[in-house]
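As a plain string of letters, each chain reads:
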Amino acid sequence: MVSTELIFLCLAAFGAGFVDSIVGGGGMIQLPALLSILPQYPVVTLLGTNKLVSVTGTAVSAYRFSRQIPYIKTVIVPAILSAFIFSFFGAWVVSIVSSAVLKPLFMVLLFLVFIFTIRNKSFGTVDHDPNVVIPMWKPLVIGSVMGFYDGFFGPGTGTFLIIAFVGMLGMTFVQGSAYAKIINLTTNIAAILLFTMKGKFLFSYAIPMMLFNVGGAMLGVKLALLKGNTFVRGLLRGVVLMTILKLGYDVFKDFALS
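Residues numbered from 1 in each chain as written. Predicted model: local features only at pLDDT ≥ 70, side-chain atom pairs only at ≥ 80, totals over all residues. Heavy atoms only, no water.

1. Overview of the layout of surface pockets
Size it by volume and the second largest pocket reaches roughly 180 Å³. As for the second largest pocket, its lining consists of 10 residues, of which Met146, Phe160, Ile163, Ala164 and Met168 are closest to the centre. Here the element with the most residues in the lining of the second largest pocket is helix α7 (residues 157–169); it accounts for five residues. Taken together, the residues that form the lining of the second largest pocket break down as nine nonpolar, one polar and no charged. (1 Å grid on protein atoms, 1.4 Å probe; cavity = no way out; pocket = protein on both sides within 12 Å on 5 of 7 lines; lining within 4 Å. Points joined across faces, edges and corners; volume = space filled by probe spheres on them. Helix = DSSP H or I, 4+ residues; strand = E, 2+ residues; numbered from the N terminus. Nonpolar A, V, L, I, M, F, W, Y, C, P; charged D, E, K, R; others polar.)

2. Digging into α7
The first and last C-alpha atoms of α7 sit 17 Å apart over 13 residues, in line with the 18 Å expected at 1.5 Å per residue. Within α7, 11 of the 13 residues are buried, which leaves the element mostly enclosed by the surrounding structure. Taken together, the buried positions of α7 are occupied by Thr157, Gly158, Thr159, Phe160, Leu161, Ile162, Ile163, Ala164, Phe165, Val166 and Leu169. Just downstream of α7, glycine 170 is the residue with a positive phi angle, here 70°. (Expected span 1.5 Å × (residues − 1). Buried < 20%, exposed > 50% of the residue type's maximum accessible area, 1.4 Å probe, protein only.)

3. Describing the nonpolar core
Of all hydrophobic cores here, the largest spans 40 residues; its most connected members are Val23 and Phe165. Mapped onto this core, the elements with two or more residues apiece are α1 (4–23), α3 (43–66), α4 (73–93), α6 (137–152), α7, α8 (173–198), α9 (203–227) and α10 (229–257). In this structure, valine 23 is in contact with Gly158, Thr159, Ile162, Val232, Leu235, Leu236 and Val239, ignoring residues within four places of it in sequence. Ala12, Leu46, Val55 and Leu185 belong to the second-largest nonpolar core, a separate cluster that totals 22 residues. (Core = buried A, V, L, I, M, F, W, Y, C linked by side-chain atoms within 4.5 Å. Contact = heavy atoms within 4.5 Å.)

4. Digging into a nonpolar patch on the surface
Side chains of Val2, Ile7, Phe8 and Leu11 sit close together on the surface and give an oily, nonpolar patch of about 400 Å² of accessible area. Since its relative accessible area comes to 52%, leucine 11 is described here as exposed. (Patch = residues over 30% accessible without salt bridge, like charges linked within 9 Å, V, L, I, M, F, W, Y side chains within 5 Å. Areas by Shrake-Rupley, 256 points an atom, 1.4 Å probe, with all protein chains shown as cover. Salt bridge = Lys/Arg side-chain N within 4 Å of Asp/Glu carboxyl O.)

Any link to function would need more than the numbers given here.
In structure tokens, the structure reads:
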């Protein structure tokens, strides 16, 4: 008999896969669900299980996007390599510096991005000119910073990646989403390698959640490609606003407990 816990976790996995495949931020749905529904397990085990589930939906999203959006090798390869390396570095640094130090900074940055996407009507809606050569340092910076962030802190990595690809490389939101999935997949794999050394995975929950996560991801990619940049832009604003509220709550909670 299927437990109520598993039903709610699978629904959360579906929602996370759907949102994450389009604009990132699925972790704000799936991870809190795991932490609240399965509090009897160690946090490191739940974090590892969350990554294991997420990587399946991210992999499917990356594949589906790759069939419609061509990847530029001189952009994606440097970003992948730097993201993989710096995600390990970020995971190591988190054991030294509290993530609470950077939460207010990320909250302010996201708020500025939220205002910018509202005021700048053309942001993420103009196709990148394929004849324009992109300097290699730009994808290297994106991969390094976002890889470090995902290893160090994590929430909203996919959203930050889309904004980085749109803002720094002049891509549309749909193109940025496609590139973000590849980098997110890289950092998730790096995280899973770390978690295999630090904790266990709850496969009895993870396997059915993977199926629902993949289902949500497939629906999300289909809608993103079908409805285009306007749809992605609107959803991105919603996710950014949710992330700001979540970070604001975390900062307030940390301040109240100090």
